[in-house]
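Read off the chains here:
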Amino acid sequence: MQHTSWAAAFALVAIASACSLEPSDERPGLWISGEVSQEPVADWSFTDDIREILIETRTWYFLPHSVTIWCVSIDGDLYVGASSPDYPKERLWIRNARRDPNVRLKIADKIYERRLELVEGQEQTDFVDRFYGVKYDYDVTVDYEPLVYWRVVDRG
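Residues numbered from 1 in each chain as written. Predicted model: local features only at pLDDT ≥ 70, side-chain atom pairs only at ≥ 80, totals over all residues. Heavy atoms only, no water.

*Asks:* Quick question: what am I supposed to make of the overall build of the protein here?
*Replies:* For the protein, the helix and strand inventory stands at three helices and eight strands. A burial count over the protein gives 38% of its 156 residues as buried. Approximately 9,700 Å² of the protein is accessible, and the part contributed by carbon and sulfur atoms is 54%. (Helix = DSSP H or I, 4+ residues; strand = E, 2+ residues; numbered from the N terminus. Buried < 20%, exposed > 50% of the residue type's maximum accessible area, 1.4 Å probe, protein only. Areas by Shrake-Rupley, 256 points an atom, 1.4 Å probe, with all protein chains shown as cover.)

The structure is reproduced here in structure tokens:
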């Protein structure tokens with residue numbers, strides 16, 4: 001009987017591995033799939049018309065965790081972030097990114113393997129937030145809540 005349980009568990013892992021199990025809206029996922037872009041990106045402004053992207057982080061137990069997030073380009077740089085990062089507890093993808101800033105981003109059908117650099121200081125956070133407010137049509141002075149942002153950089 002124990003052999004059957006192990007075989008079923010192995011089959012489940014194999015099926016899950018074969019599928020991307022990508023996130024959808026607010027439902028998190030595991031692996032994201034697509035063509036991995038090897039090209040450097042000097043200007044991320046092509047994301048200006050893209051409302052949502054996927055980000056894949058690594059859990060401490062080595063499984064990927066992916067979610068749907070917003071992004072904004074500023075002077076050719078790409079920023080990702082989260083509002084209310086600590087409510088009701090720190091979001092799993094944020095905890096993963098703090099521990100290991102190497103991430104995979106799915107933008108359109110391409111995967112970009114990058115690293116996140118935390119945006120520090122209220123002035124810098126407010127600066128990025130103003131661009132988010134323009135792109136996603138919210139008033140940063142009215143819709144204020146705790147925020148955390150990262151700049152997307154090459155892994156090298």
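Having seen it, we continue.
*Asks:* Could you clarify how one ought to interpret the pattern of salt bridges in this entry?
*Replies:* Opposite charge on two side chains permits pairing when their charged atoms draw close. Per the stated rule, a full pass over the model turns up seven salt bridges. Residue Lys106 pairs with Glu22 through a salt bridge whose shortest N-O separation is 2.8 Å. Of this pair, Lys106 sits in strand E6 (residues 102–107) while Glu22 is found in the loop between helix H1 (2–18) and strand E1 (35–36), placing the two residues 84 residues apart along the sequence. The exposure class of Lys106 is buried, given its relative accessible area of 12%. The class for Glu22 is buried, based on a relative accessible area of 19%. (Salt bridge = Lys/Arg side-chain N within 4 Å of Asp/Glu carboxyl O.)

*Asks:* Before we go on, may I ask you to explain the pairing of strand E7 (residues 110–118) in this structure?
*Replies:* Pairing between E1 and E7: two bridges, direction parallel. By the bridge assignment, Glu35 is partnered in E7 with Lys110. Of the strand pairs in this sheet, E6 and E7 are connected by six bridges, and their pairing is antiparallel. Residue Arg104 lies in a different strand from E7, and its bridge partner there is Glu113. Counting the residues that bridge the hairpin from E6 to E7 gives two residues, and of these Ala108 lies at a positive phi of roughly 60°. Judged from the four bridges that link them, E7 and strand E8 (residues 147–153) form a sheet pairing that is antiparallel. Bridge assignment links Arg115 to a residue of E8, and that residue is Val153. (Pairing = 2+ DSSP bridges.)

*Asks:* Looking at this structure, I do not really get a nonpolar patch on the surface. What am I missing?
*Replies:* Among the surface-exposed residues, Trp60, Tyr61 and Leu63 lie close enough to one another that they form a single nonpolar patch of about 360 Å² accessible area. Following the sequence through the fold, Trp60 ends up in the loop between strand E2 (53–58) and strand E3 (64–69). (Patch = residues over 30% accessible without salt bridge, like charges linked within 9 Å, V, L, I, M, F, W, Y side chains within 5 Å.)

*Asks:* When you look at the packing of aromatic side chains in this model, what are you seeing that I'm missing?
*Replies:* For any pair of aromatic rings, geometry is given as the distance between the ring centres together with the angle between the planes. Considering all chains together, one arrives at nine aromatic pairs under this definition. Note on Phe127 and Phe131: the rings are 5.2 Å apart at their centroids and 65° apart in plane angle, and the pair reads as edge-to-face. On the criterion of helical spacing, the pair formed by Phe127 and Phe131 is a turn pair, its members being four residues apart in helix H3 (residues 122–136). Among the residues examined, Phe131 registers a relative accessible area of 33% and is labelled partly exposed. Measuring from ring centre to ring centre gives 4.8 Å for Tyr132 and Tyr149, while their planes differ by 40°; the resulting arrangement is tilted. Taken together, the residues Tyr132 in helix H3 and Tyr149 in strand E8 connect sequence positions 17 residues apart. Here the two residues Tyr132 and Tyr149 agree in accessibility, since each one is buried. (Phe/Tyr/Trp six-rings, centres within 6.5 Å; stacked < 30°, edge-to-face > 60°.)

*Asks:* Hey, could you run me through the side chain of Glu22 in this one?
*Replies:* At 2.7 Å, the side chain of Glu22 forms a polar contact with the backbone nitrogen of Ser33. Not counting the four nearest positions on each side in its chain, Glu22 is found in contact with Arg27, Gly29, Trp31, Ile32, Ser33, Leu54, Ser66 and Lys106. (Polar contact = N/O pair within 3.5 Å; in protein donor to acceptor, adjacent residues only side chain to side chain. Contact = heavy atoms within 4.5 Å.)

*Asks:* Is there a simple way to explain the nonpolar core in this structure?
*Replies:* One broad trend across soluble globular proteins is that nonpolar side chains are buried collectively. Core analysis: the biggest nonpolar cluster contains 30 residues, and Val80 and Leu105 have the highest contact counts within it. When near neighbours in sequence (up to four residues on either side) are disregarded, Val80 contacts Ile53, Ile69, Trp70, Cys71, Leu116, Tyr132, Val148, Tyr149, Trp150 and Val152. (Core = buried A, V, L, I, M, F, W, Y, C linked by side-chain atoms within 4.5 Å.)

*Asks:* Please clarify how the pairing of strand E5 (residues 77–83) should be interpreted in this entry.
*Replies:* With five of its seven residues buried, E5 lies for the most part within the structure. Note that strand E4 (residues 71–74) and E5 share four bridges and pair antiparallel. Across the sheet, residue Val72 finds its bridge partner in E5, namely Tyr79. Pairing of E5 with E8, which is carried by six bridges, proceeds in the antiparallel orientation.

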